[in-house]
Amino acid sequence: MNNKIKNIVLDMGNVLLDYDPEFVMETFCSSEEEKNVIRKELFEGPEWPAADKGEIKDEDRFDLIKGRVPEQHHEALWNCAMHWDICMKPLPGAREFCEYVRAQGYGVYILSNASDAFYEYFPRFLPLDFFDGVFVSSDYLMLKPDLKIYQTFLEKYGLKGEECLFIDDRIDNVEGARKAGMNAVRFVNDYKKIIAEQQL
């Protein structure tokens, strides 16, 4: 066990659960044209980060976006907007990693950019009370990598940055955590590597 690190702080998308818009579009779209429109307007449009920031509800996306999408694609857009979380399956080894670090005596926390739908799909992975804290961006009207979100997270749970190891798949989020005084590593689909390198 790493004696300096006392808490493991985990991102959710593409660290624990597989956020994959392409899978969603493969499921609901009938053509490449339809996929291209929905990718641009739904998954890459301004409403996605707005929901993660808590400025809109997850269920509002369709109504806000449909005016930018030709009517023949509305059915696919609705399905993708309302059921995008079908892709949020556990990454191989994710649950085992969470259980391992808990068994080693670490505090285990979630710090994720996510919309309010988080509370519908995430408990299928692990119960919220498995974690010592769950911090979802939409509840606090802020997003990683804004320095304020890390500071607010640490303050909420009374944690010291130097005693936390933050794990995220995005390098900008990793760098944001480091600026807040946290130890941070980028996740590249290899929990065993993190365990070995961080001596967890």
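Going by the structure above, here's the rest.
The structure presented is a predicted model; accordingly, all values stated were derived computationally and were not measured.

(A) Fine view of the side chain of K35. Structurally, the position occupied by K35 is in helix α2 (residues 32–43). Judged by relative accessible area, which is 7%, K35 ranks as buried. Setting aside chain neighbours within four positions, we find K35 in contact with M25, E26 and C29.

(B) Focus on the packing of aromatic side chains. Enumeration over the complete set of coordinates arrives at 19 aromatic pairs. Ring centres 6.1 Å apart and planes at 80° place the aromatic pair Y19 and W84 in the edge-to-face group. Taken together, the residues span a long stretch of sequence, with Y19 in the loop between β2 (17–18) and α1 (21–28) and W84 in the loop between α5 (74–83) and β3 (89–90) at a distance of 65 residues. Take Y19: its relative accessible area is 23%, and that puts it in the partly exposed class. Take W84: its relative accessible area is 5%, and that puts it in the buried class. Centre to centre, the rings of F118 and F122 are 4.7 Å apart; their planes meet at 15°, and the pair counts as stacked. Judged on exposure class, the residue F118 and its partner F122 are both buried. By way of ring pairs, the aromatic residues Y19, F43, W48, W84, F118, Y119, Y121, F122, F125, F130 and F131 are connected into one cluster. Residue placement shows R61 over the ring face of W48; its charged tip is 3.7 Å from the ring centre. Above the plane of the ring of F130 lies R102, whose end atom (NZ or CZ) is 5.1 Å from the centre.

Procedures and definitions
- Residues numbered from 1 in each chain as written.
- Predicted model: local features only at pLDDT ≥ 70, side-chain atom pairs only at ≥ 80, totals over all residues.
- Heavy atoms only, no water.
- Helix = DSSP H or I, 4+ residues; strand = E, 2+ residues; numbered from the N terminus.
- Buried < 20%, exposed > 50% of the residue type's maximum accessible area, 1.4 Å probe, protein only.
- Contact = heavy atoms within 4.5 Å.
- Phe/Tyr/Trp six-rings, centres within 6.5 Å; stacked < 30°, edge-to-face > 60°.
- Lys NZ or Arg CZ within 6 Å of the ring centre and 35° of its normal.

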